[in-house]
Amino acid sequence: MLRQVADGVLIHESEFCQSNAVVVQGRSGVLLIDAGVLGDEMACLANDLGESGQPVVAGFSTHPHWDHLLWHPLLGAAPRYGTARCAATVQARLSDAGAKARVATLIPADIVEQVPLDLLGLITGLPAETTQVPWDGPQIRIIEHQAHAPGHAALLIEERRVLVAGDMLSDVLIPMLNLNGPADPIEDYLAALRLLEGVAADVDVVIPGHGSIGGADQIRTRIGQDRAYVHALRDGGVPDDPRIGPSAKHGWEWVSDVHAGQLQRLARRSERDGTPG
Ligand SMILES: [Zn+2]
């Protein structure tokens, strides 16, 4: 079921991890950002759009993680975009014959049969430094950063005052750092939060990749909360964060394990190269 969150912007929330697919209405059809996770849900979304005469004219993946790279045949054959770095990462990780089997091992066992992988990751990288999504609809600014995954993009739908945050600014998920390579993942994350803070005054609605939609008052709150979490990780403090520990939302207790895992990996990194983070 589609739910309007701003003029011309609708979301479809998945049962999996409260994932938000975002529909932006344009002149000749819609842009679909992070299409969804379960096959049935994407088919339902495709039917809803078809019935209302709104074909999907473009797609966009915010970042190169499997749950943001899916597509369903009923959504059609529109071009699907990502940043150049996102597409290059997909190419490097997912172009070999064993890729889909490998991705299947990352998907929770109870849903893996329901996740269609045939069209996984078929995205076109936009030339580096592209600042707008190329499509016939409201201008959408690409805010690329390297916080959570290589080539991660937040999208600002300027005239609708909506920020599509990808896997940032969630009310249920803590900041999940990209600990797979960058020299300074902590600083990458803080830099991304500064970028998002730079557009906060232009935003009335924030849509996280997973979690609840936030209003104008929420964007700065969430940036502050994420920054406090990252500072605590960096400084070895104990984060006072409602998303982990006993106050975590029911069903999201595993986020505390993610936190423990990040602490461990950061500690191992600093042992290895003698620098914090
Ligand atoms: Zn992600």
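The structure this text deals with has already been given above.
Only a predicted model underlies this, so the values are computations on that prediction, with no experimental measurement involved.

1. What to know about the coordination of the zinc ion
1) Next: Taken together, the protein donors to the zinc ion comprise His63 (NE2), His65 (ND1), His148 (NE2) and Asp167 (OD), at separations of 2.2 to 2.3 Å.
2) Next: Here the zinc ion is ringed by four donor atoms whose angles at the metal span 87 to 176 degrees, and the overall shape comes out irregular.
3) Next: Along the chain, the residues donating to the zinc ion are arranged with the sequence spacing H-x1-H-x82-H-x18-D. With a gap of 102 residues between them, histidine 65 in the loop between β5 (56-60) and β6 (80-83) and aspartate 167 in the loop between β10 (162-166) and α4 (185-199) connect regions that are remote in the sequence.
4) Next: The partly exposed category is assigned to histidine 65, whose relative accessible area is 24%.

2. Some remarks on the layout of surface pockets
1) Next: The computed volume of the largest pocket comes to approximately 880 Å³.
2) Next: Along the wall of the largest pocket there are 33 residues; nearest its centre are His65, Trp66, Leu106, His148 and Met176.
3) Next: For the lining of the largest pocket, the secondary-structure elements that each account for two or more residues are α2 (84-94), α3 (99-106) and α6 (254-273).
4) Next: Looking at the lining of the largest pocket, its residues break down into 19 nonpolar, nine polar and five charged.
5) Next: In this structure, the second largest pocket occupies an estimated 180 Å³ of space.
6) Next: The wall of the second largest pocket is formed by 13 residues, among which Leu94, Ser95, Leu120, Gly121 and Leu122 lie closest to the centre.
7) Next: Contributions of two or more residues to the lining of the second largest pocket are made by α2 and α3.
8) Next: When residues of the lining of the second largest pocket are assigned to their parent elements, the largest contribution, four residues, is made by α2.
9) Next: The residue makeup of the lining of the second largest pocket, split by class, is eight nonpolar, three polar and two charged.

3. Focus: the sheet that holds strand β9 (residues 152-157)
1) Next: Read from one edge to the other, the open sheet built from four strands follows the order β8-β9-β10-β11, with strand pairing classed as mixed. A strand with exactly one partner marks an edge of an open sheet, and here the two such strands are β8 (140-145) and β11 (205-208). Here the average twist between neighbouring strands, direction ignored, is 20 degrees.
2) Next: By the bridge criterion, four bridges tie β10 to β11 in an arrangement that is parallel. Looking at β11, one finds that glycine 166 is bridged to proline 208.

4. Digging into empty space enclosed by the protein
1) Next: With the rule as written, the count across this model stands at six cavities of 30 Å³ or more.
2) Next: What the largest cavity holds in volume is close to 80 Å³.
3) Next: Of the residues belonging to the lining of the largest cavity, the class tally is seven nonpolar, three polar and two charged.
4) Next: Considered as a void within the structure, the second largest cavity measures approximately 50 Å³ in volume.

Thresholds applied
Per chain, the residues get numbers from 1 upward, laid out in the order the sequence is written. pLDDT decides what is reported in this predicted model: residues at 70 or higher carry local features, side-chain atom pairs at 80 or more are listed and counted, and totals for whole chains, interfaces and linings draw on all residues regardless. Processing note: side-chain calculations cover all non-hydrogen atoms of the structure and skip hydrogens and water entirely. Donor criterion used throughout: N, O or S atom within 2.8 Å of the metal, extended to 3.2 Å for Na, K and Ca. Water excluded; incomplete-looking sites may result. Under the classification used here, a metal with four donors is tetrahedral if each angle lies between 85 and 135 degrees, square planar if opposite donors are over 155 degrees apart and the others between 65 and 115, a six-donor metal meeting that same test is octahedral, and anything else is irregular. The way it works is that DSSP assigns letters per residue, a run of H or I at least four long becomes a helix, a run of E at least two long becomes a strand, and they are numbered from the N terminus. Note on exposure labels: buried denotes an accessible area under 20% of the residue type's maximum, exposed denotes more than 50%, and partly exposed covers the range between, all computed with a 1.4 Å probe on protein chains only. Buriedness for pockets is judged along seven lines, at least five of which must meet protein on both sides within 12 Å for an open set on the 1 Å grid over protein atoms alone, while cavities are sets there where a 1.4 Å probe fits but cannot get out, and lining residues have an atom within 4 Å of a point. Grid points are joined across faces, edges and corners, and a volume is the space filled by probe spheres set on the points. Under the scheme applied, nonpolar residues are Ala, Val, Leu, Ile, Met, Phe, Trp, Tyr, Cys and Pro; charged residues are Asp, Glu, Lys and Arg; polar residues are all the others, including Gly. Any two strands with at least two DSSP bridges between them are considered paired. Fitting a line to C-alpha atoms yields each axis, with helices limited to the stretch in contact; the angle taken between N-to-C directions then spans 0 to 180 degrees.

In short, the description is geometric, and any link to function would need to be established separately.
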